[in-house]
Amino acid sequence: MTSSNNTFKKNTFKSPGKSPAGNKGRKKVWSGPESFSANSRVRKAGGLFLVLLSVFLLLAFVSYLFSWKADDAMLDGRTFNWSLLTDSAIDVENMMGRIGAILAHFFIKQGFGIASFAFVLILFVSGIRVLTDFRLLPLKRTIANALFILVWVSVFFGYLIGTGDLLILGGIFGYEGALWLNGLLGKAGTAILLFFAAGAWVIIVFDPSFKNAGLFLAGLFRGKQERETPADPADSWNQETVAAPLEADQDPDQPKEEPNTQPDSVSDQANEDEISDGGVEKDPVSDIELDAGLPDTEGTKNDKEGKPAGDPELEIEIADGKITGNNYQSIEDPFSGDGDETPDLSHLGEYDPTLDLPKYRLPELRLLDDRGSGTIQINKDELEANKNRIIETLNNYSISIDKIKATVGPTVTLYEIIPAPGVRISRIRNLENDIALSLAALGIRIIAPIPGKGTIGIEVPNSQPEIVSMKSVLGSDRFRNSSYELPIGLGKTIANETFIADLTKMPHLLMAGSTGQGKSVGLNAILASILYKKHPAYVKFVLVDPKKVELNLFSKIERHFLAKLPDAEEAIVTETRQVVRTINSLCVEMDNRYDLLKDAQARNVKEYNAKFVARRLNPNMGHRFLPYIVLFIDEFADLIMTAGKEIELPIARLAQLARAVGIHLIIATQRPSVNIITGTIKANFPARIAFRVTSKIDSRTILDSGGADQLIGRGDMLLSTGSDLLRLQCAFIDTPEIERICEFIGSQRAYPDAFHLPEYHEDEASEQEAGDPSERDELFEDAARIVVSTQQGSTSLIQRKLKLGYNRAGRIIDQLEAAGIVGPFEGSKAREVRVKDEMRLEEILQNE
């Protein structure tokens, strides 16, 4: 096939329709009363009639208010029948003629009085809804409110005026209704009923707050007491106002500047990309529909275009691609029952957690580098060649297809094929290696079928992949306009759409992949996404980096975003023992937060913070604003090897319970084996990211399915959120970009110290466990005899002699120390053996 035979179209998978012959396909304008709602033309005509009828009644009612005496003189005493319409002797002054006068006389005088204008509103709103589908007002609510006003106003004027010249205010209905209620309840009872009905309607419709009225009355009462009694200085707290902390160089007389929550460069450098209907930003993408080369059923059309019937046709579519704020004044508990008065808190306003750093600015997009062209370069020759090879391979195994379509992404092209009727999906799935051989490409993945599409997908890597820059993701409209609590920009989909996820909905994330496939870059992308979106008051990071070099760049933002133990020298945790203490401290923080949520009667941290911001929780009772805490762990396998259950158990506990209190986990490892990613951990990490791995077993360990072993690396990843499996190209952010972001944040005013986690005392728990004879290891006595006989108190000795692992041998040494057989840990030196002979050892063992 030559490129001259290719035609370009906008729609894909478009089946040509055939025009019906004769009158077979014509719609009937009217096929009975039941067709009114189904036929749009009849419905619009009915809507127009309702609108014009409402206008007619409005003019007739207004005119009747000025001509009712003359018109009533002509109509009173007459029987309402068709003769009134034809009797020329009836001369009325209503501007809408006899029909207008008759309708106004019937609705206003004989009916509901001036409340009859409610019918005009009902007809007009209904007509607009039927005619244009425009929701001017909620239809059902409008009808209900109008009918209530119709009855209440009519009875009210009937009760207030009765008969006479002003009978038209309430109408006959109002007069008779009031007369009946007076006989039933008396005039006083009728007045009370009318007042109750009006008050109940106002409460139901408008839901007014009577708090200000109560505070106003309380203020009047206090003012009266202050005039009668000298003021007490101890009560002056109620008159204080909260002053936000000022910058060192800020004049107290000047108004406080609002914190800059969006850098100027974000708006200046915003990409002018198109937005789809669903609010997902799409960069230029290519959807290519490739004819499978089957016999052409549109030979006439091809002949007219000068192309022979049966030639493959290429159709291309370009798609759119613990700091408690200083501004929270210490006050008495407003909800305590000790006092007779409720303190007036209206002058305090809402609590703003950002006022500790009021001039903090979010990082700017200029700190990030531009990479790639940002547009997809379509290589039509490559697409045609891949299409022909796929069709040829399938034909070799007698598999025919109806159509083939290609969607070009940044690094991978998805070929969607529709098999001919009767072809089994399993036959195509089994040809994965054969298709990879024919295309001479790595990373071929077959999706059979694609969920929700009814097609079979073949993913083929591009010969010239595009780099997805972090700047294009963070500068996209979808990220900038995102309302997620913790938005993270992971990259772009195979359709070149920017993918944004909410970490609070995941709620934890497990990342795995071989060395050099993009795990650390993925962690940096997640960190950068949150840094570009959130103020330091709303989120804190706990960074665990056993390699000591991957996350060290973020040490510059320690006093802004990082959290650590109170006695820790560095916020980035690198030592295994310190990691255990930090994770157990997070468990303590989780328990403390659950206690606060219980006292506040809130189900999650979002509801709790909403109550705290509204000043419904008293800080004197221990309540505080709770920022989100995100735990990042790089090289989780190293921690499991060195600490084992000491790490796994608190991690599993956090994964099970911490999401409701705003603590989320992101764990990365390069060894996705079952002894590292255990069943307990997998069960609590529904969201998982798999970069390229070396075997199908590792892929199933991460995702519970294959596919990760067929990725092409360099940020190519699969995201599993339970039942869905999405292929993404991770956004790339380099070390110099991370340095510039941290420099930008670190140069701004910070908190006095990092966010302090609760203290965790592990010594008492370990000593109690080690000192309990019932909890001792079964090899405790053998280890004690070895230590005493050799007079060497080292863990490595017990490992060699008893053939134990490091963790178990370390626990036995702790138990020997608690029993007084060896001394405390002395660094690189061996422990002191305090029992010098075996006879003394036997006495100790027998006594215990």
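Residues numbered from 1 in each chain as written. Predicted model: local features only at pLDDT ≥ 70, side-chain atom pairs only at ≥ 80, totals over all residues. Heavy atoms only, no water.

Section: the overall build of the chain
Then, in step 1: On a plain count of helices and strands, the chain comes out with 28 helices and 17 strands.
Then, in step 2: The buried share among the 848 residues of the chain stands at 47%.
Then, in step 3: For the chain, the computed accessible surface area is about 43,900 Å², with 53% contributed by carbon and sulfur atoms. (Helix = DSSP H or I, 4+ residues; strand = E, 2+ residues; numbered from the N terminus. Buried < 20%, exposed > 50% of the residue type's maximum accessible area, 1.4 Å probe, protein only. Areas by Shrake-Rupley, 256 points an atom, 1.4 Å probe, with all protein chains shown as cover.)

A few points about unusual backbone geometry
Then, in step 1: Residue P507 follows M506 across a cis peptide bond; omega there is -10°.
Then, in step 2: Secondary-structure assignment places P507 in the loop between β8 (498-502) and β9 (509-512).
Then, in step 3: Despite not being glycine, Q601 shows a phi value in the positive range, around 55°.
Then, in step 4: As for its position among the elements, Q601 is in the loop between α17 (576-600) and α18 (605-613).

Concerning helix α25 (residues 780-790)
Then, in step 1: The set of residues buried in α25 consists of F780, A783, A784, I786, V787 and V788.
Then, in step 2: Contacts made by the buried residues of α25 are with α26 (795-802), α27 (806-818) and α28 (838-847).
Then, in step 3: Downstream of α25 by a residue or two, Q791 has a phi angle that is positive, lying close to 55°. (Contact = heavy atoms within 4.5 Å.)

Examining the confidence of the model for the chain
Then, in step 1: Averaged over all residues, the pLDDT of the chain is 76; the fraction at 70 or higher stands at 75%.
Then, in step 2: This stretch, residues 1-37, has a pLDDT under 50; its non-local contacts, to residues over four places away or in other chains, come to 50 contacts.
Then, in step 3: The model gives residues 224-286 a pLDDT under 50, and that stretch makes 114 contacts with residues more than four places away or in other chains. (pLDDT = per-residue confidence, 0-100.)

As for the packing of aromatic side chains
Then, in step 1: Following the criterion strictly, the structure yields 15 aromatic pairs and no others.
Then, in step 2: Pairing F112 with F119 gives two aromatic rings, centres 6.0 Å apart and planes at 55°, and the pair type is tilted.
Then, in step 3: By relative accessible area, which is 21% here, F119 ends up partly exposed.
Then, in step 4: Ring pairing ties together the aromatic residues F61, F106, F107, F112, F117, F119 and F173, which thus form one cluster. (Phe/Tyr/Trp six-rings, centres within 6.5 Å; stacked < 30°, edge-to-face > 60°.)

Structural notes on the pairing of strand β14 (residues 687-690)
Then, in step 1: Every second residue of β14 is oriented toward a common face, with A687 and I689 on one face and R688 and A690 on the other, all of them buried.
Then, in step 2: Here β9 pairs with β14 via four bridges, running parallel. Considered in β14, the bridge of L509 is made with A687.
Then, in step 3: As judged from the three bridges shared by β14 and strand β15 (residues 716-720), these two strands associate in the antiparallel manner. Within β15, the residue paired with I689 across the bridge is L719. (Pairing = 2+ DSSP bridges.)

Here we look at the pattern of salt bridges
Then, in step 1: Overall, the coordinates contain 37 salt bridges when judged by the stated rule.
Then, in step 2: Of the charged contacts in the structure, one is a salt bridge between K505 and D502, with a shortest N-O distance of 3.7 Å.
Then, in step 3: Residue class for K505 comes out exposed when judged on its relative accessible area of 62%.
Then, in step 4: The shortest N-O distance in the salt bridge between D704 and K682 comes to 2.8 Å. Remark: K682 occurs in helix α21 (residues 679-683) and D704 occurs in the loop between α22 (696-703) and β15; sequence separation between them is 22 residues.
Then, in step 5: Overlapping salt bridges bring together D369, R371, D734, E737 and R740 as one network. (Salt bridge = Lys/Arg side-chain N within 4 Å of Asp/Glu carboxyl O.)

Points about the pairing of strand β7 (residues 487-493)
Then, in step 1: β7 sits mainly inside the fold: seven of its seven residues count as buried.
Then, in step 2: Pairing between β7 and β8: five bridges, direction antiparallel. Paired with K492 across the bridge in β8 is T498.
Then, in step 3: As paired strands, β7 and strand β16 (residues 725-730) are joined by three bridges and run antiparallel to one another. In the strand pairing of β16, T493 is matched with L728.

Topic: the packing of helix α4 (residues 117-132) against helix α5 (residues 139-160)
Then, in step 1: The contact between α4 and α5 brings their axes to 9 Å, and the two run at 170°. In terms of axis orientation, α4 runs roughly antiparallel to α5. Residue-level contacts link A118, F119, L121, I122, V125, S126 and R129 of α4 to L139, T142, I143, A146, L147 and L150 of α5.
Then, in step 2: Class assignment of the residues belonging to the contact of α4 with α5 gives a composition of 10 nonpolar, two polar and one charged. (Axes fitted to C-alpha atoms, helices over the stretch in contact; angles between N-to-C directions. Parallel < 35°, antiparallel > 145°, perpendicular 65-115°, else oblique. Nonpolar A, V, L, I, M, F, W, Y, C, P; charged D, E, K, R; others polar.)

Points about the nonpolar core
Then, in step 1: In this structure, F541, L631 and I647 are the most contacted members of the largest nonpolar core, which totals 116 residues.
Then, in step 2: Ranked by residues supplied to this core, first place goes to α17 with nine residues.
Then, in step 3: Residues in contact with L631, not counting those within four places in the same chain, are V542, V544, I583, L586, I651, L654, H664, L665 and I666.
Then, in step 4: Counting 24 residues, the second-largest nonpolar core is a separate cluster that includes L383, Y415, V423 and L431. (Core = buried A, V, L, I, M, F, W, Y, C linked by side-chain atoms within 4.5 Å.)

A short note on the sheet that holds strand β10 (residues 539-544)
Then, in step 1: Here we have nine strands laid out as an open sheet, ordered β8-β7-β16-β15-β14-β9-β13-β12-β10, and mixed in their pairing. With one partner strand each, in any of the chains shown, β8 and β10 form the two edges of the open sheet. When strand polarity is set aside, the average angle formed by the axes of neighbouring strands in this sheet is 30°.
Then, in step 2: Against the sheet, helix α20 (residues 645-657) contacts β12 (628-633) and β13 (663-669), and its axis sits at roughly 130° relative to β13.

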